[in-house]
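# A structural walkthrough
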Amino acid sequence: MTRQRKGARFAAGIIRVFVPRSWRGPVLGDLLEEFDRHHLHRVWRSAWLLWQATAISARFLPQQLSSAGRAAQTFGNVLGAEARLAGRLLLRRPGLPLACIATLSLGTGATTTVFSWSNGILLNPYPAIPDSGGLLVLASRTRAGALDTLSYPDFDAYREHATALRDVVGTGAAIQRLVFTRDGHAPERLLGHAVSGNYFDALQVPMETGRGFRAEEDRTPGTHPVAVIGHGLWTRRFGGDPAVVGATLHLNSQQLTVVGVASPAFRGTLLGLSVDVWTPLMMQERLRGVALEARDDRWIIGLGRVREGVSRAAAESELRNIGRELEAASPIEDAREPALIPIWRSPWGAQGGIGPVLAVLAAIAVLVLLLASTNVATLLLARAAERRREFAIRMSLGGGRERLFAQLLAEGMFMATGAVLASVVVARWSEGLLTWFIPPTDSSLSLDVSVDGRVMLFAAALALPTTLLVSLAPALQTIRPRITECLREEDCSVSPRSSAGLRRVLLIAQVSAASVFLVGTALLMRSVQNAQSVSPGFTQDNVLLATYDLAPLGGPATGTLAHARPRPGSRASARASRGGGQPRAAWFHAAPHRTADRSGLRSAACRRHAGRVHGGERRVSGHHAHSTEGRTRFFGKR
Amino acid sequence: MLNVLAIMSERQLLSEVEHLILLAILRLGGAAYAVTIREEIQATTGLCLSRGTVYVTLSRLEERAYLRSWFADPTAERGGKAKRYFALRPAAHAALERSWSAMWRMWRGVKVASGAPQPVPAGRRA
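The text that follows walks through the structure, step by step, so that each part is easy to find. This one's a predicted model, so the numbers in the text were calculated from it and none came from an experiment.

The rules behind these values
Every chain is numbered on its own, with residues counted from 1 as its sequence reads. Note on labels: chains are lettered from A, ligands numbered from 1, in written order. With pLDDT at 70 or above as the cut-off, local features in this predicted model cover only qualifying residues; side-chain atom pairs require 80 or more to be listed or tallied, and sums for whole chains, interfaces and linings still use all residues. As a rule here, side-chain values cover all heavy atoms of the structure and leave hydrogens and water aside. Comment: elements are numbered from the N terminus, with helices defined as DSSP H or I runs of at least four residues and strands as E runs of at least two. Buried means the residue's accessible area, taken with a 1.4 Å probe over protein chains only, is under 20% of the maximum for its type, while exposed means over 50%, and partly exposed covers the values in between. Two residues qualify as a contact provided that any one of their heavy atoms is within 4.5 Å of a heavy atom in the partner residue. Areas reported as accessible are Shrake-Rupley estimates using a 1.4 Å probe. Residue values count occlusion only from the protein chains shown. Every axis in this analysis is a line fitted to C-alpha atoms, fitted for helices over the stretch in contact. Angles between the N-to-C directions lie between 0 and 180 degrees. Here a crossing is called left-handed whenever its near helix is offset anticlockwise from the far helix by less than a right angle, and right-handed whenever the offset is clockwise. The classification used treats Ala, Val, Leu, Ile, Met, Phe, Trp, Tyr, Cys and Pro as nonpolar, Asp, Glu, Lys and Arg as charged, and all other residues, Gly among them, as polar. Buried area is calculated as the accessible area (1.4 Å probe) missing from two parts once they are joined, with the contributions of both summed. Put simply, a salt bridge is a Lys or Arg side-chain nitrogen that is within 4 Å of an Asp or Glu carboxyl oxygen. A 3.5 Å cut-off defines polar contacts: any pair of N or O atoms within that distance qualifies, except that in protein one atom must be a possible hydrogen donor and the other a possible acceptor, and neighbouring residues in sequence count only when both atoms are side-chain atoms. Should DSSP find at least two bridges between two strands, the strands are taken to pair. To define a nonpolar core, start from buried Ala, Val, Leu, Ile, Met, Phe, Trp, Tyr and Cys residues and group those joined through side-chain atoms within 4.5 Å. Aromatic contacts are taken between Phe, Tyr and Trp rings whose centres are within 6.5 Å, Trp giving its six-membered ring; a plane angle under 30 degrees counts as stacked, one over 60 as edge-to-face, and the others as tilted. Any Lys NZ or Arg CZ that is within 6 Å of a ring centre and within 35 degrees of that ring's normal is treated as a charge sitting over the ring.

## Some remarks on the overall build of chain B
When its secondary structure is counted, chain B shows 5 helices and 2 strands. Put simply, chain B runs from its N terminus to its C terminus through helices and strands in the order α-α-α-α-β-β-α. By the burial criterion, 38% of the 126 residues in chain B qualify as buried. Counting contacts in chain B only where the partners sit at least 6 residues apart, residues at least 24 apart contribute 49% of the total. Surface summary for chain B: the accessible area is close to 7,400 Å², and the carbon and sulfur share equals 57%.

See below:
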C-alpha cells in the first residue's frame, strides 16, 4: 500500500465493521481502483476514501441489522435448546457448579453487601425525604480548614440572607439526651434532636399523625414548648395511640406538647441514630441551657439545597459575603468561614466514621472477589480439559461451534443466576453486620440499610459478567479440540498453549491476591497489638469505668445520677440513684466516695470533661469512649 | 431460501435502479463489476448512482437469484483485492421481459405533453 493510500486503512476498518463479509474485498478494491484516478492532493483523496467507505457502510447498515436480527433469533432458538441440555447436565453433576456458585457468591456477596451499606449510608441516606440527594450541609470552617458547627446567630443570618439556597433548615449537630419522666414509670433517656421551625415542612418529612413544627413556634426563645415524637417512641411508650397529639411530654423537667408523630420511614437527619423526639431550636435554652445569642457557642448545622441554576461554589461565595458582613457587625475572636458540603462528606452523623471503614471494606471485598473468581476459573479450566472429548464427539457428529458456545453460555448463565441470587441473599443476611465494624459509641446505632432495587441491580451487574467471564473463558478453550486425537482416545487432557497461558495468569492472580491478604492480615494484627499496648498513663488492671451524664438536667443542676455504665463483665453493675437537690459541684466532690461505697470498689476517682463538647470533636480524651455532650466519668479500682 | 425468493420475485416488477443495473450488466457482457456498471449507467443515461446504491442493489439482486457472481484474481492496483464480476441468470432475463412488457402496456395509447416518442419493446419492433 503506497503512502497515498494511508487513508485506506481507516476505510478498510469502517468497511470491515459494517459491510457483509462477501462484499468487503470487492468494495475496498473498487474504491482503491477509483482512488488512483483522482488527481487531488493526497489528504483530499484520503478524505474521499473515508467518506465513500462511510456512505457505503451506511447503505449496508439496514441490511446488516436485519441479518443480525435474524442471526440473533436463530441463536436464541439454539440457546433455548442448549439451555435444556445444560440444565440436564448440571442436574446430573451438580457438585462443581454448586461449588463454583458458592465460591463466587463469597466475592460477589461481599461486594454487594458493601455496596448495600454504601447505598444506605452514602448514596441514599434519607429514603423518606424527597430529593435527599440534593441536600447540602451548611457548616463552618476553621482557619486551619477543619469543619465545625455554626452558632445560632450565624445560622440565622445565613438562612435569612442567602438567596442561592432554598429549604434551609437548622438542626443540632449532635444528638441530645433528654430525660423523659412519666408518673409511675422509671425515667427514660430519649434521643432528642433540636430542629428549626421549618424542618418538617422544608424537608417534606412524612407524618404518621399530627403535624410538624410551624415557623412561629421557633421565633422567640422558650415560648412554644412543643415536640414531635418518632414512630418508635410512639409505639413503644404510647401504644400507637393517635390521642398522643396534644398530650404533655415531661422532658428534662420541662413540659412539652406533642404536636405530631413522624412516619416510621423517617428516623431523623443524624445518620445512624433513630431520633425519639424533635424539639424546636428556640426551646434549647430551657431544655439544655444553650446560649442562643452567643456567636462563639457553636452547636448547629444547616441543611439546604442550592437553587436551580446556581452552583455550589457560587452559593458558598454568597455565604462568605454574608459571613464577612456578620463579622463586621459583631466581631468575635475565632471567626469561621461558612462551608457547604455534601451529606456524605459531613462528619456529623454515622457517615463521618463509616465512610473510611466502607472504603477499606470495599477494597477487601474486591480482593475477595478477585480471589474467588480466579479460584473458580482454575476449577473450570481443569473441568474444561475433561470435556474436550465430549465436545470433540459433538463436533464430529456435526455440532457447530455456535451450538457448543450456546451450551457453554447456557451453563454460564445458570451459574451466573445462582451467583446473583446468592449475592442478594448474602447482602440481605448481612444487613445488620455493619455495626460490627463500627467502634462502640454511647448511642446505639440504627442504620437503615436494606436491599433495594439499586442493590439488586448492582448484584446483577457485578455477578452476571463476572460469572460469565470466569465460566466462558476457560470453557472456550475446549471449543477448539483436536478432534482426531481426542476421538482416537489419545491424551485429550494435554492443554493447548493458550490454555496453559491462561492457567499461568490465573495462578499468578490467585497467589498475588492471597499474598496481599496475608500481608494485610499480618499488618492488621500488628496494629491491634500496638493499639493494645498503648499506655494510658495509669495501671489498667481491675479498673472499671462508669459514666454519669448530668447534662440532660439543664439549667441549674439538681444532681440526679442519670446513667452509669461499667465495663462489661464487671460485678459492680450500673446503678442509677438519685442525689436529689445537691448542687452539681458538691455532687461531683461527693460522687466518687459514694460510688466506691455503694459498689464495693477499693478506690474511685472522677474526671469531668472541661466545657461542653459538641459534634465534630467527638473523641474528647484519647482512650475514653466517645462523648457528644459534657459528661462525667469515674474510674473505680476493685 | 433462494427458492422462496425466486418464487416471490416472479410476482415482482423490477425497480428502476434494478432495471438499470441489469441492463448495464447485459451491455457490459463479461466485464460487469460495480465500478464499470456504475460508469456504464452514467455514460448512457447521465444518471449518477451512488456507490452504496449499486452495491446494495447488486447484493439484493443476487439474493433474488437474478445474478451470479465470481471473483477475478487480485491485482496490486486494487490493494490486492479481487474484482467481483456479475452475469445475469435466466430469471433476470424473464424479470426484465416482464417489467418491460408491463411498462409497454402502460405506455400504449399514452402521449406525454412533451411529445416524446412512444417506447416500443425490442421484441415487437419488427
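## What about unusual backbone geometry?
All names here are of chain A. A positive phi angle is found at Asp167, which is not glycine, with a value near 55°. Tracing the backbone shows Asp167 in strand β4 (residues 165-172). A positive phi is found at Gln204, a non-glycine position, where the angle reads about 55°. If you trace the backbone, Gln204 turns up in the loop between α6 (199-202) and β7 (207-210).

## Let's talk about the packing of helix α3 (residues 42-92) of chain A against helix α4 (residues 51-63) of chain B
In the contact formed by α3 of chain A and α4 of chain B, the axes pass within 8 Å of each other and the chain directions differ by 35°. In the packing of α3 of chain A onto α4 of chain B, the handedness of the crossing is right-handed. Here α3 of chain A contributes Trp48, Gln52, Ile56, Arg59, Phe60 and Gln63 of chain A to the contact with α4 of chain B, which in turn contributes Arg51, Gly52, Thr53, Tyr55, Val56, Ser59 and Glu63 of chain B. Of the residues belonging to the contact of α3 of chain A with α4 of chain B, the class tally is 5 nonpolar, 5 polar and 3 charged.

## Brief notes about the interface of chain A and chain B
In this complex, chain A contributes 21 residues to the contact, which on the side of chain B involves 24 residues. Roughly 1,900 Å² is buried in total at the junction of chain A and chain B, and carbon and sulfur atoms are behind 54% of that figure. Taken together, chain A and chain B are joined by 4 salt bridges. Among the ionic pairs, Arg78 of chain B bridges to Asp30 of chain A, the shortest N-O distance being 2.7 Å. Our count for the contact surface shared by chain A and chain B stands at 10 residue pairs in polar contact (both at pLDDT 80 or more). If one sorts the elements of the side of chain A that touches chain B by residue count, helix α2 (residues 21-35) of chain A sits on top with 12 residues.

## Some details on the pairing of strand β11 (residues 277-280) of chain A
Residues and elements named next belong to chain A. Side-chain alternation along β11 places Val277 and Thr279 on one buried face and Trp278 and Pro280 on a second face that is also buried. As paired elements, strand β6 (residues 188-195) and β11 share 4 bridges and run parallel to each other. Across the sheet, the residue bridging to Ala194 is Thr279, located in β11. In this sheet, β11 lies alongside strand β8 (residues 226-229) in antiparallel orientation, the contact comprising 2 bridges.

## Observations regarding the nonpolar core
Soluble globular proteins: nonpolar side chains tend toward being buried together. Counting residues in hydrophobic clusters, the biggest one holds 41 residues, and the most contacted among them are Val137, Tyr199, Phe200, Leu203, Phe213, Phe266 and Trp278 of chain A. Of all elements in the fold, only α4 (95-123), β1 (136-141), β6, α6, β8, β10 (254-262), β12 (298-306) and α10 (350-386) of chain A reach the threshold of two or more residues within this core. Per-element accounting of this core gives the leading share, 5 residues, to α10 of chain A. Sequence-distant contacts of Val137 of chain A, that is, excluding residues within four places in its chain, are made with Ile301, Gly302, Leu303, Ala339, Leu340, Ile341, Ile343, Ser346 and Trp348 of chain A. The next biggest cluster of nonpolar side chains, apart from the first, holds 39 residues, and it includes Leu32 of chain A together with Ala32, Ala95 and Leu96 of chain B.

## With respect to the packing of aromatic side chains
Counted under the stated rule, the structure contains 13 aromatic pairs over all chains. When the ring of Trp70 of chain B is compared with that of Tyr85 of chain B, the centres are 6.0 Å apart and the planes differ by 25°; the resulting orientation is stacked. With Trp70 of chain B in strand β1 (residues 67-71) and Tyr85 of chain B in strand β2 (residues 84-88), this residue pair connects regions lying 15 residues apart in the sequence. An aromatic cluster of three or more residues is present, and its members are Tyr199, Phe200, Phe213, Phe266 and Trp278 of chain A. Over the ring of Trp23 of chain A we find Arg84 of chain B; its NZ or CZ atom is 4.4 Å from the centre of that ring.

## With respect to the pairing of β6 of chain A
Residues and elements named next belong to chain A. β6 sits mainly inside the fold: 7 of its 8 residues count as buried. One ladder, built from 5 bridges, connects strand β5 (residues 176-181) with β6; its direction is antiparallel. The partner of Leu178 across the bridge, within β6, is Leu190. The turn linking β5 back onto β6 is made up of 6 residues, and Gly184 within it adopts a positive phi angle of 80°.

## A few points about the environment of Gln63 of chain A
Mapped onto the secondary structure, Gln63 of chain A falls in helix α3. For the pair formed by Gln63 of chain A and Pro20 of chain A, sequence separation is 43 residues and the distance between their alpha carbons is 8.8 Å. In this view, Gln63 of chain A contacts Val56, Ser59 and Glu63 of chain B; residues no more than four positions away in its chain are not counted.

## What about the pattern of salt bridges?
Residue and element names in this part refer to chain A. Under the defined criterion, the tally for this structure stands at 20 salt bridges over all chains. Residues Arg305 and Asp131 are paired through a salt bridge, measuring 3.5 Å at the closest nitrogen-oxygen approach. Of this pair, Arg305 sits in strand β12 while Asp131 sits in the loop between α4 and β1; the two residues are 174 residues apart in sequence, bridging distant segments of the chain. Overall, the relative accessible area of 3% leaves Arg305 in the buried class. For Arg295, the salt bridge goes to Asp154, with nearest N and O atoms at 2.7 Å. Of this pair, Arg295 sits in the loop between α8 (284-288) and β12 while Asp154 sits in helix α5 (residues 152-161), and the two are 141 residues apart along the sequence. The same class applies to Arg295 and to Asp154, which are both buried.

## Quick notes on the side chain of Thr53 of chain B
Mapped onto the elements of the fold, Thr53 of chain B is located in helix α4. Residue class for Thr53 of chain B comes out buried when judged on its relative accessible area of 14%. Once residues lying within four places of it in the same chain are set aside, the contact partners of Thr53 of chain B are Arg59 of chain A together with Val17 of chain B.

By themselves, these are just geometric observations and shouldn't be taken as functional.
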